[in-house]
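Here is how the chains run, residue by residue.
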Amino acid sequence: MTEASGPGGPPSPQAGRPAPRVRLVDVAREAGLSKTTVSAALNDTGRLSPEVRERARETARRMGYRPNATARHLRAGRARLIGYVVGELADAPWTFLESPYFARLTGATAASALGRGYAMVLLPAGSLQSEWAALPLDAVVVADPVADDRIVEDLVAARIPVFSDRSVEGLPEAHWVDVDATAAVHRTLDHFAAQGARRPALVVPDSTTRFHREVFAAHHDWCAAHGLPELSVRAAEPGNGPVVRAVEAALTAGPERPDALFVVAEASPPLLLDAARRHGYDVPGDLLLACVSEDETALHTQPPVTTLSLRPDAVAEAGIELLVAVLEHGQRETGGVLVPVRLDVRASSVRNPGTSGAAARSQSPNTSAPPT
């Protein structure tokens, strides 16, 4: 018995057998073109008319043709696979996708990589070398590594290019994309001061990532330079519950209440407003509020909440561009890119009527140096 063929499609498989892969010659036969012409059309090469190129591509799409990735990768000497791991949440694999920031960073990294022909492989936080050593990874993105991150050390030892934050600067085969945390914190606190705040409190994660260490130090330095008390509380764990408890501790600590609150530990903006109100604060009358967040609910609260965006989409795009420059264009120098962040001033941090509305938004320039 021979296999039957459907009209305009690949041969039908016998029962219980997988369908055979559609070959380039099958597409050429169906389209009435040569194999060389179809190959040129699919690879966007050759001098073909738009009509011929479109006929070849549409036939390949309809038949389900996929190029032989294994052969292509062998010729190129790369598997076109990028590992991706979030170092900060090593004790809780995969929970980073519950974070609006990491969810956007992960999605944007995957989309940027795919647009350049690379697939992203999610690695659990805290990955051991035995879990990824056998994978043909061309490079690995390590988002927000903690101090002395073991996976960074192992990747460098294995001579796999690492793309991370500025904590890897100077390591061989390591490249970085980062934001200027110090400038961002100073800009936010300067905004509070312009609104009359004299007791700004900080809520920051109990984390050893470079970003959070720089945030804590920047707050300390700013308060010292302005002769103001240093009020800060660390959130013991990530997540809405621990962060809200840290916010409540900041709002109730000491005999004098804070008049501004900068929440760097990620939490839902509506929950931050609720916590302030439970403890008798009017926002922004008694308490100016700003937070580091990519959560779009900040736009829809009453009042809308001021946010400092770390621009994960721009970080992802810059990181993949750097990766392509290294892997495909032979860039030898290790280095990095500084991505500007964005302070979106909204009603939760505007007490002075003279800086409301459009005037308040004018206080929201990029808060770090332009990309290098």
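Conventions we followed
- Residues numbered from 1 in each chain as written.
- Predicted model: local features only at pLDDT ≥ 70, side-chain atom pairs only at ≥ 80, totals over all residues.
- Heavy atoms only, no water.
- Helix = DSSP H or I, 4+ residues; strand = E, 2+ residues; numbered from the N terminus.
- Buried < 20%, exposed > 50% of the residue type's maximum accessible area, 1.4 Å probe, protein only.
- Contact = heavy atoms within 4.5 Å.
- Salt bridge = Lys/Arg side-chain N within 4 Å of Asp/Glu carboxyl O.
- Pairing = 2+ DSSP bridges.
- Axes fitted to C-alpha atoms, helices over the stretch in contact; angles between N-to-C directions.
- Left-handed = near helix turned anticlockwise from the far one by under 90°.
- Nonpolar A, V, L, I, M, F, W, Y, C, P; charged D, E, K, R; others polar.
- Arc of directions from axis to C-beta.
- Right-handed = clockwise from strand over helix to strand, strands pointing away.

## Some details on the overall build of the protein
On a plain count of helices and strands, the protein comes out with 13 helices and 12 strands. Going through the 372 residues of the protein one by one, you find that 46% of them count as buried. Within the protein, contacts between residues separated by at least 24 positions form 66% of all contacts whose residues are at least 6 apart in sequence.

## A short note on the pattern of salt bridges
Under the counting rule described, the total for this entry stands at 16 salt bridges. Measuring nitrogen to oxygen at the nearest pair gives 3.1 Å for the salt bridge that ties Arg-23 to Asp-26. The partner of Asp-313 in a salt bridge is Arg-104, and the shortest N-O contact between them spans 3.1 Å. Of this pair, Asp-313 sits in helix H12 (residues 312-327) while Arg-104 sits in helix H5 (residues 100-115); the two residues are 209 residues apart in sequence, bridging distant segments of the chain. Relative accessible area serves as the criterion here: at 33%, Arg-104 is assigned to the partly exposed category. Three or more residues are tied together by salt bridges with common partners; here these are Arg-23, Asp-26 and Arg-29.

## Examining the sheet that holds strand E6 (residues 200-205)
With respect to topology, six strands assemble into an open sheet ordered E7-E6-E8-E9-E10-E12, the strand pairing being mixed. Two strands close off the open sheet at either side, each with one partner strand: strand E7 (231-235) and strand E12 (342-344). Sheet twist, expressed as the average angle between the axes of neighbouring strands with direction ignored, equals 15°. The pairing of strand E8 (residues 260-263) with strand E9 (residues 288-292) spans four bridges and is parallel. Counterpart to Ala-260 in the pairing with E9 is Leu-288.

## Section: the packing of H5 against H12
For the pair H5 and H12, the least separation of the axes is 8 Å and the interaxial angle reads 35°. Crossing hand, H5 versus H12: right-handed. Contact residues: Tyr-101, Arg-104, Leu-105, Ala-108, Thr-109, Ser-112 and Ala-113 in H5; Pro-312, Asp-313, Val-315, Ala-316, Glu-317 and Ile-320 in H12. The class makeup of the residues in the contact of H5 with H12 is eight nonpolar, two polar and three charged.

## Considering the side chain of His-219
Mapped onto the elements, His-219 comes out in helix H9 (residues 210-226). Judged by its relative accessible area of 1%, His-219 falls in the buried class.

## Things to note about helix H11 (residues 269-278)
Every buried residue of H11 is listed here: Pro-269, Leu-272, Leu-273, Ala-275 and Ala-276. Each buried residue of H11 sits inside an arc of 160° when the element is viewed along its axis, so together they form one side. On its buried face, H11 sits against helix H10 (240-252), E8 and E9. Within two residues after H11, Gly-280 carries a phi angle of roughly 85°, on the positive side.

## Thoughts on the sheet that holds strand E11 (residues 336-338)
Spatially, six strands are ordered E2-E1-E3-E4-E5-E11 in an open sheet, and the strand pairing comes out parallel. For this open sheet the edge positions go to strand E2 (119-122) and E11, each flanked by a neighbour on one side alone. Averaged over all adjacent pairs, the angle separating strand axes in this sheet is 20°, with direction ignored. Sheet topology places strand E3 (residues 139-143) next to strand E4 (residues 162-164); two bridges connect them, and they run parallel. Pairing of Val-140 across the sheet is with Val-162, part of E4. Most of the contacts of H5 go to strand E1 (residues 81-86), to which it runs at about 175°, and overall it touches E1, E2 and E3.

## Some points on the pairing of E9
Counting buried positions along E9 gives five out of five residues, so the element sits mostly inside the fold. In E9, alternate side chains face the same way, and those of Leu-288, Ala-290 and Val-292 on one face and Leu-289 and Cys-291 on the other are all buried. Note that the unit made of E8, H11 and E9 has a crossover that is right-handed. Strand direction decides the pairing type here: E9 and strand E10 (residues 306-309), joined by three bridges, are parallel. Within the sheet, the bridge partner assigned to Cys-291 lies in E10 and is Thr-307.

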